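# Architecture and fold: a report
Here is what each chain is made of, one letter per residue.
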Amino acid sequence: MKTVFECRSREDAMVARSVLESSGIPVELLSGGMQDMNPLFNVDLSGYTLVVPESFGEDALAVLADYRSPEQRADGPGPALPVSVSGPAVDGNAAMSLARSVAGRAVAHRRALHAIPEVGLDLPRTVAYVRSALSAVGAIVRDCGPGLVCDFGREGPLVAIRADMDALPITEETGAEYASTIPGSMHACGHDAHAACLLAIAELLALRPPTGWRARLIFQTGEEGAFGAPPMIEAGCLDGVRAIVGGHVGDLSGELQPGQAGFMPGAMMAASDRFAGSFVGSGGHGSAPHQALDPIPALAQFILAVQSFRARRPDQRVPFVLSVCQVESGTAFNIIPGEASFKGTARTLAPAERELAKEGLLAACQGAALACGVEYRYEWLDGYPPVVNDPASTELAMAAARSVLGDGQVRLLTVPSMGGEDFAYYLRMVPGCFWFLNTQAPERGISHPNHHPAFDLDESLLDRMIAVNLAAAEALARSTGA
Ligand SMILES: [Zn+2]
Ligand SMILES: [Zn+2]
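Report on the accompanying structure. The model shown is predicted, which means the values in this text are computed figures rather than measured ones.

So, on to the overall build of the protein chain. Within the protein chain, the regular secondary structure consists of 12 helices and 20 strands. A total of 482 residues make up the protein chain; the buried ones form 51% of that total. For the protein chain, restricting intrachain contacts to residue pairs at least 6 apart in sequence, the fraction spanning at least 24 positions comes to 80%.

Next comes the structure, spelled out in structure tokens:
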């Protein structure tokens, strides 16, 4: 165990080190100076961390508190060093203290990544940034499918922490100084924060490797519908892994207040399947429908049939969403088109409902086509399976979150999200827990939902993502035994 001091600048860190060393206190300096270490990116990572062995923690605290700058001031001695103590010496909550010591750099990483959003499976600049930041803290980075992994620790059970890194095809409207520099792309789901927090965890683990367990950090691409998890699993990212944990920022549960963490055993997020198709008739003049075969009434009946199916067939107490989200047909007010197409999504939590949705949509399509005398094309596309948390892992992760954040900041969720997440694929292979952190700050205008062009997050809450993921991973490792 070490004691961690956070400094605001490299100069302060250098002064603090010389003050401590001249008092006989050994110092290990973990610089946050990415500008020095990372020539690829011109990023100013404010915040530098000084680390001393715990046995010297109180002495170091006293020496730094007594120190005054030699600079002469009319109103008395020079200013104290702006160094804050964030290590266990002043706070029994080790995970949170450690997280705070790197939170400043998590924010800097997040802003750097936020400025270069990339969409899909292939994220060359993002992956280069993450690789470089990991190498800078001495981590051995491995390519794994389209993403990266790195391990920390020498022996004991291996537990993974996963972050996704991809952005969305949205034009950013936050007006933030760190806003996207890539037109049409934006980190509107907070994956920049996930990756940044995992980089902060890497920094902590590089400094203080886990003892009695091992950590694997998984940096994944292509979460937003591009199926990023399966190729990483195929490439071995879960080999040897006993359990996995991952969190999501933003506002994914109406049950959470800003700053709160939410957990849910069992099905927490929905299968995100898609359907698409079209009705095919024969075009003609708008004034003479008898000479044409109009596909538009078939499309209209299909849409209504889907909604009445949803309202009458599934058990109404079970979450079940069918949305027709895109329709396309026609070119002018007086031309009957030859074809009318649709696309939509089905969200369910269990295999039985998933099958029911498949059947119901097909029947609605067939029925509408038959009634209108047109042909149909219909396709169901399996999306991500539901996110199903292992109950025992969830209990452990939740207990870890309570110990880190306090009871009032952790909630057991009662209602699942109907959003999808490809974290589901990891949970089909190993037990684990996905959880939500509400990172909104409505009083500062940070209140837009995930995927909104003005989406942003309260960066002062990122220490919670760091601390809970780390504490939960350790708790899962300790529970699995050697
Ligand atoms: Zn998203
Ligand atoms: Zn997301």
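Once that is clear, we can look at the nonpolar core. Val159, Cys197, Ile201, Ala397, Ala401, Ile466 and Ala472 are the most contacted members of the largest nonpolar core, which totals 105 residues. Here the element with the most residues in this core is helix α4 (residues 94–115); it accounts for 13 residues. Mapped onto the domain boundaries, this core takes at least three residues apiece from domain 2 (94–268 + 409–480) and domain 3 (271–384). Sequence-distant contacts of Ile201, that is, excluding residues within four places in its chain, are made with Ile161, Leu217, Ile466, Asn469 and Leu470. Membership of the second largest hydrophobic core comes to 20 residues, among which are Phe302, Phe342, Ala369 and Val374.

The next point concerns the sheet that holds strand β9 (residues 241–248). Taking strand neighbours across the sheet as the criterion, the 8 strands line up as β5-β6-β8-β7-β9-β20-β10-β19 in an open arrangement whose pairing is mixed. A single partner strand is all that each edge strand has here, and the edge strands are β5 (141–144) and β19 (410–412). Looking at each pair of strands side by side, their axes are set apart by 25 degrees on average, direction ignored. Taken together, the 5 bridges between β9 and strand β20 (residues 432–437) define a ladder with parallel strand orientation. Counted as the bridge partner of Gly247 is Trp435 from β20. Strand contacts of helix α5 (residues 124–136): β5, β6 (147–152) and β8 (214–220), with the helix running at about 15 degrees to β6, the strand carrying the most contacts. Packing of helix α10 (residues 391–405) onto the sheet brings it into contact with β9, β10 (261–263), β19 and β20, and relative to β10 it is tilted by some 160 degrees.

What follows is about α4. Between the first and last C-alpha of α4 there are 32 Å, a value that for 22 residues agrees with the 32 Å anticipated at 1.5 Å per step. Buried residues dominate α4, accounting for 22 of its 22 residues.

Turning our attention to the environment of Tyr376. Note on placement: Tyr376 falls in strand β17 (residues 375–384). Residue classification places Tyr376 among the buried residues on the basis of 20 C-beta atoms within 10 Å.

As paired elements, strand β12 (residues 271–280) and strand β16 (residues 339–348) share 10 bridges and run antiparallel to each other. In the strand pairing of β16, Asp273 is matched with Ala346. Where strand β14 (residues 320–329) and β16 come together, 9 bridges link them in antiparallel fashion. Along β16, the bridge assignment pairs Val321 with Arg347.

The geometry of helix α6 (residues 191–207) relative to helix α12 (residues 462–480) is characterised by a closest axis approach of 9 Å and an angle of 60 degrees between their N-to-C directions. It follows that α6 is oblique to α12 by the angle criterion. For α6 against α12, the interelement crossing comes out right-handed. Across the interface between the two elements, Ala193, Cys197, Ala200, Ile201 and Leu204 of α6 pack against Leu462, Met465, Ile466, Asn469 and Leu470 of α12.

Moving on: the sheet that holds β17. Across the sheet, 4 strands lie side by side as β14-β16-β12-β17; this open sheet has antiparallel pairing. One side of each edge strand has no neighbouring strand; the edge strands of this open sheet are β14 and β17. On average, each strand axis in the sheet is inclined to that of its neighbour by 15 degrees, with strand direction left out of account. Lying on the sheet, helix α8 (residues 296–312) is in contact with β12, β14 and β16; it crosses β14 at an angle near 170 degrees. Sheet strands in contact with helix α9 (residues 351–372) are β12, β14, β16 and β17, and its direction is about 165 degrees off that of β17.

A separate point is the packing of α4 against α12. One way to put it is that α4 packs onto α12 with a least axis distance of 8 Å and a crossing angle of 125 degrees. Taken together, the axes of α4 and α12 lie oblique to each other. Considering the relative orientation of α4 and α12, their crossing is right-handed. Contact residues: Ala95, Met96, Ala99, Arg100, Val102, Ala103, Ala106, Val107 and Arg110 in α4; Leu462, Asp463, Ile466, Ala467, Leu470 and Ala471 in α12. Tallied by class, residues from the contact of α4 with α12 come to 12 nonpolar, no polar and 3 charged.

Turning our attention to α10. Given a rise of 1.5 Å per residue, 15 residues ought to cover 21 Å, and the 20 Å separating the end C-alpha atoms of α10 matches this to within 8%. Residues Ser393, Thr394, Leu396, Ala397, Met398, Ala400, Ala401, Val404 and Leu405 constitute the buried set of α10. Gly406 sits one or two positions beyond α10 and adopts a positive phi of about 95 degrees.

Before going further, it helps to spend a moment on the environment of Gly445. Residue placement: Gly445 occurs in the loop between β20 and α12. Counting along the chain gives 12 residues from Gly445 to Leu457, while the straight-line C-alpha distance between them is 9.7 Å.

For the rest of this paragraph, the subject is the environment of Leu396. Its place among the elements puts Leu396 in helix α10. With 36 residues separating them in the primary sequence, Leu396 and Gly432 have C-alpha atoms 9.7 Å apart. If we ignore the near neighbours within four places in the chain, the residues touching Leu396 are Ala475, Leu476 and Ser479.

Analysis parameters
Residues numbered from 1 in each chain as written. Chains lettered and ligands numbered in written order. Predicted model: local features only at pLDDT ≥ 70, side-chain atom pairs only at ≥ 80, totals over all residues. Helix = DSSP H or I, 4+ residues; strand = E, 2+ residues; numbered from the N terminus. Buried ≥ 20, exposed ≤ 12 C-beta atoms within 10 Å, placed from the backbone. Contact = placed C-beta atoms within 7 Å. Core = buried A, V, L, I, M, F, W, Y, C linked by C-beta atoms within 7 Å. Domains from an automatic or database assignment. Pairing = 2+ DSSP bridges. Axes fitted to C-alpha atoms, helices over the stretch in contact; angles between N-to-C directions. Expected span 1.5 Å × (residues − 1). Parallel < 35°, antiparallel > 145°, perpendicular 65-115°, else oblique. Left-handed = near helix turned anticlockwise from the far one by under 90°. Nonpolar A, V, L, I, M, F, W, Y, C, P; charged D, E, K, R; others polar.

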